[in-house]
Amino acid sequence: FEPDLIQLFGTESGLGEVLSKVQIPHIIHIQGLINPCLAAWFPKGVSQRTVLKNSTLKSRLLKKGIISDYYKTKKMAVREEKILRNAQNFFGRTNWDRNVVQLYNPAANYFHCDELLREDFYRFRWEASANGKLTLATTINPNLYKGLEIILNTAHLLKEKLKIDFEWKVMGMHANDDLVRIIERIGNKLFADLNVIFLGYLNTVELIKNLISSTIFV
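Being a predicted model, the structure only gives us computed values, none of them experimental.

Enquirer: Any chance you could explain the sheet that holds strand β7 (residues 216-217) here in plain terms?
Expert: Within a beta sheet, neighbouring strands are joined by backbone hydrogen bonds and run either parallel or antiparallel to one another. Reading across the sheet, the four strands line up as β6-β5-β4-β7 and stay open at both edges, with parallel pairing between neighbours. Across the chains shown, the open sheet's two edge strands, defined by having one partner strand only, are β6 (196-200) and β7. With two bridges connecting them, strand β4 (residues 134-139) and β7 associate as parallel partners. Looking across to β7, one finds that leucine 136 is bridged to isoleucine 216. Against the sheet, helix α8 (residues 148-161) contacts β4, β5 (166-171) and β6, and its axis sits at roughly 170° relative to β5.

Enquirer: Help me out: how do you make sense of helix α10 (residues 204-212) in this one?
Expert: Among all positions in α10, only Thr204, Leu207, Ile208 and Asn210 are buried. Taken down its axis, α10 places every buried residue within 165° of arc, on the same side. Looking at α10, the residues exposed on the side facing more than 90 degrees away from the buried face are Val205 and Lys209. Where the residues of α10 are buried, they touch β4, β5 and β6. Of the residues that open α10, the one with a side-chain oxygen 3.2 Å from the backbone nitrogen of valine 205 is asparagine 203.

Enquirer: Where do I start with helix α6 (residues 66-86) in this structure?
Expert: Every α-helix carries 3.6 residues per turn, so stepping three or four residues along brings you back to the same face. With 21 residues, α6 should reach 30 Å at 1.5 Å per residue; the first-to-last C-alpha distance of 30 Å fits that figure. Among the residues of α6, Ile66, Ile67, Ser68, Tyr70, Thr73, Ala77, Arg79, Glu80, Ile83 and Leu84 are the ones counted as buried.

Enquirer: What is the right way to read the nonpolar core from this model?
Expert: A general feature of soluble globular proteins is that nonpolar side chains tend to end up buried together. Judged by nonpolar contacts, the single largest core of 29 residues is most densely connected at Leu148, Ile151, Trp168, Phe191, Val196 and Phe198. Residue assignment for this core shows that the elements contributing at least two residues are α3 (34-39), α6, α8, β5, α9 (178-187) and β6. In terms of residue count, α8 provides more of this core than any other element does, five residues in total. Those residues in contact with valine 196, other than ones at most four positions away along the chain, are Ile151, Ala155, Trp168, Val170 and Phe191. Grouped together as the second largest cluster of nonpolar side chains are 12 residues, Ile28, Ile83, Leu84 and Ala87 included.

Enquirer: Is there a simple way to explain the sheet that holds strand β3 (residues 109-112) in this structure?
Expert: Pairing within the open sheet is parallel, and its three strands lie in the order β1-β2-β3. Taken across any chain shown, the strands that pair with only one partner, and hence form the sheet edges, are β1 (28-29) and β3. With two bridges connecting them, β1 and strand β2 (residues 89-92) associate as parallel partners. Across the sheet, residue histidine 29 finds its bridge partner in β2, namely phenylalanine 91.

Enquirer: What is the right way to read the pairing of β6 from this model?
Expert: It is a general feature of regular strands that their side chains alternate between the two faces of the sheet. By the alternation rule, side chains of β6 split into Val196, Phe198 and Gly200, which are all buried, and Ile197 and Leu199, of which none is buried. Two elements, β5 and β6, share four bridges in a ladder whose sense is parallel. Each bridged residue has a counterpart across the sheet, and for lysine 169 the counterpart in β6 is isoleucine 197. In this fold, β5 hands off to α9, which returns the chain to β6; that crossover is right-handed.

Calculation notes
- Residues numbered from 1 in each chain as written.
- Predicted model: local features only at pLDDT ≥ 70, side-chain atom pairs only at ≥ 80, totals over all residues.
- Heavy atoms only, no water.
- Pairing = 2+ DSSP bridges.
- Helix = DSSP H or I, 4+ residues; strand = E, 2+ residues; numbered from the N terminus.
- Contact = heavy atoms within 4.5 Å.
- Axes fitted to C-alpha atoms, helices over the stretch in contact; angles between N-to-C directions.
- Buried < 20%, exposed > 50% of the residue type's maximum accessible area, 1.4 Å probe, protein only.
- Arc of directions from axis to C-beta.
- Polar contact = N/O pair within 3.5 Å; in protein donor to acceptor, adjacent residues only side chain to side chain.
- Expected span 1.5 Å × (residues − 1).
- Core = buried A, V, L, I, M, F, W, Y, C linked by side-chain atoms within 4.5 Å.
- Right-handed = clockwise from strand over helix to strand, strands pointing away.

See the structure below:
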């Protein structure tokens, strides 16, 4: 509904105010909230300066990269807050979404609506196996707040401190992504040295195959 409203009223900036005035029925689907992510954008011990220092000169000159994404997200967060405070009806699938909506707008209506995965995901079942190497699997995208540094530090503990034989498959990112290099520089460790492999973007069949062949999903 949101793109239609933007088209109808011309700008994004006034959308929050518009929603409080229009008489046509409207409902907004919560598929992810920006403000909570923005509040946790930089991991503990990581600052904007640290990220800039470890970013490529090209990304800084072209204003493309993690810091640029951060400032773009800050602008989007302002618009999101206006919408949350002024719209009347929302729907989503988690208590988290409900709580955040009610935090900004206690008078808003929130409707629970579950979502379905693609059919192929319901055709397979994971089964535990005590044989073979411990295999961890994670799906993640290249955003700083997603916790890639936690994977690096945890893999270091598993290999160097606990001496566990394992493999950690990361789906949704490539080994040559800028964020991978930045986290390695900040952490002074290499993912490849810690049994972490990046599988990139996978199709449905590849994703299912890697999930059901893993010991633990993180």
